[in-house]
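Here are the chains, one letter per residue:
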Amino acid sequence: AQPRSLTAQAHSYPLLPLRGSNAGPVQVKGMSPNLLVNTTLTGPAGTFGYSGLVDADPLVYGARGRATSNALDLRLLLEKNTLPHTPLTGQYDLDLRGQDIATLAVSAVATIEKSTLAGLQVDPSVARLRFADGVATVHTPALHAAGLTARPTVPVAMPASHACSPLVSATR
């Protein structure tokens, strides 16, 4: 497949935060709001894929399916130099809908395989995430990394307009 620019696609889909060039097969069947999309793309940031339904009709966009990553560096994929390098490998079951960040509603289950997150070697871990009404909530997370296990001591909720730190307990 020919290389494609996610940066160029972001001009048509402003909610799409992905940047850079990548190549790989893209299969699209049907019509929005029920586009069936199957793809695996590889570029300088690593490999990522998606299999599921997409609603690409303005004003409200949506997706429900499974995303995958293999040694995917979010810093490169999002072109955000403020992020740490994150060679991330895992599967992410997603259900999202919204017309912008203010109306975005997301539920996800992230199953992380052996990866590196901000320089920390992460062992297989799972987290259930929800974002709605400007609040992000992490349910049943357990992050296992280099002899460390971190779990929230209370549900973590972060208002979109406020920076705060989750309350966690960690054991070695």
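Just so you know, the residues in each chain are numbered from 1, in the order the chain's sequence is written. Per-residue local features are limited, in this predicted model, to residues with pLDDT of at least 70; the limit for side-chain atom pairs, both in listing and counting, is 80 or more; totals at the level of whole chains, interfaces and linings are taken over all residues. Processing note: side-chain calculations cover all non-hydrogen atoms of the structure and skip hydrogens and water entirely.

Thoughts on the overall build of the chain
A tally of regular secondary structure across the chain gives 2 helices and 15 strands. When burial is assessed residue by residue, the chain has 31% of its 172 residues classed as buried. Of the contacts made within the chain by residues no fewer than 6 positions apart, 28% connect residues no fewer than 24 positions apart. Accessible surface computed for the chain: about 10400 Å², of which carbon and sulfur atoms make up 61%. Helix and strand assignments come from DSSP, with helices taken as H or I runs of at least 4 residues and strands as E runs of at least 2, each series counted from the N terminus. Each residue's exposure class comes from its accessible area (1.4 Å probe, protein chains only) as a fraction of the maximum for that residue type: buried when under 20%, exposed when over 50%, partly exposed otherwise. When checking whether two residues touch, look at their non-hydrogen atoms; a contact exists if any pair is within 4.5 Å. Note on areas: these come from Shrake-Rupley sampling with a 1.4 Å probe, and a residue is covered only by the protein chains present in the view.

Quick word on the environment of Pro58
By the element assignment, Pro58 lies in the loop between strand E5 (46-55) and strand E6 (61-73). Here Pro58 falls in the exposed class, since its relative accessible area comes to 61%. Linking Pro58 and Gly98, residues 40 residues apart in sequence, is a C-alpha distance of 9.7 Å.

Observations concerning unusual backbone geometry
Cis geometry is found at the peptide bond from Ser32 to Pro33, where omega equals 20°. With respect to the element layout, Pro33 can be found in the loop between strand E3 (26-29) and strand E4 (35-43).

Structural notes on the nonpolar core
Of all hydrophobic cores here, the largest spans 12 residues; its members are Leu35, Val37, Tyr50, Ala56, Ala63, Ala67, Leu88, Tyr92, Ala110, Ile112, Val122 and Ala145. Looking at this core, the elements with two or more residues in it are E4, E6, strand E7 (87-98) and strand E8 (105-112). Ignoring anything within four residues of it in the chain, the contact list for Tyr50 reads Val37, Asn38, Thr39, Ala63, Arg64, Gly65, Arg66 and Ala67. We call a set of buried Ala, Val, Leu, Ile, Met, Phe, Trp, Tyr and Cys residues a nonpolar core when their side-chain atoms join them within 4.5 Å.

Description of the side chain of Ser32
Mapping Ser32 onto the fold places it in the loop between E3 and E4. Whenever two N or O atoms come within 3.5 Å, that pair is a polar contact, provided that in protein one can donate a hydrogen and the other can accept it, and provided that, for residues adjacent in sequence, both atoms are side-chain atoms. From its side chain, Ser32 meets the backbone nitrogen of Ala56 in a polar contact 2.8 Å long. Within the structure, the side chain of Ser32 is placed 3.2 Å from the side chain of Asp57, a separation counted as a polar contact.

Structural notes on the pattern of salt bridges
When a carboxyl oxygen of Asp or Glu is within 4 Å of a side-chain nitrogen of Lys or Arg, the pair counts as a salt bridge. Scanning all chains against the criterion turns up 3 salt bridges. Here Asp93 and Arg66 are joined by a salt bridge, their closest N and O atoms 2.8 Å apart. Within this pair, whereas Asp93 is found in strand E7, its partner Arg66 is found in strand E6, the two being separated by 27 residues in sequence. Note that Asp123 is salt-bridged to Lys114, the shortest N-O span being 3.0 Å. We classify Asp123 as partly exposed; its relative accessible area is 26%. According to the relative accessible area criterion, Lys114 is exposed, its value standing at 59%.

Side note on the environment of Leu74
Its place among the elements puts Leu74 in helix H2 (residues 74-77). C-alpha of Leu74 to C-alpha of Leu117: the two residues are 43 residues apart in sequence and 9.7 Å apart in space. Those residues in contact with Leu74 that lie beyond four places of it in its chain are Glu79, Leu83, Thr86 and Leu88.

Things to note about the confidence of the model for the chain
Every residue gets a pLDDT, meaning the predictor's confidence in that residue, from 0 to 100. Predicted confidence across the chain gives a mean pLDDT of 81, with 81% of residues reaching 70 or more. When the elements of the chain are averaged for pLDDT, strand E15 (residues 168-171) gives the smallest value, 39, and E5 the largest, 95. Long-range and interchain partners of residues 153-172, a stretch whose pLDDT sits below 50, account for 35 contacts in this model, where long-range means more than four residues apart.

Topic: the pairing of E6
Note on pairing: two strands pair once DSSP finds at least 2 bridges between them. Inspection of the sheet shows E5 paired to E6 by 9 bridges, in the antiparallel sense. Bridge assignment links Phe48 to a residue of E6, and that residue is Ser69. Here 11 bridges tie E6 to E7, and the two strands are oriented antiparallel to one another. Residue pairing across strands places Ser69 opposite Gly90, the latter belonging to E7.

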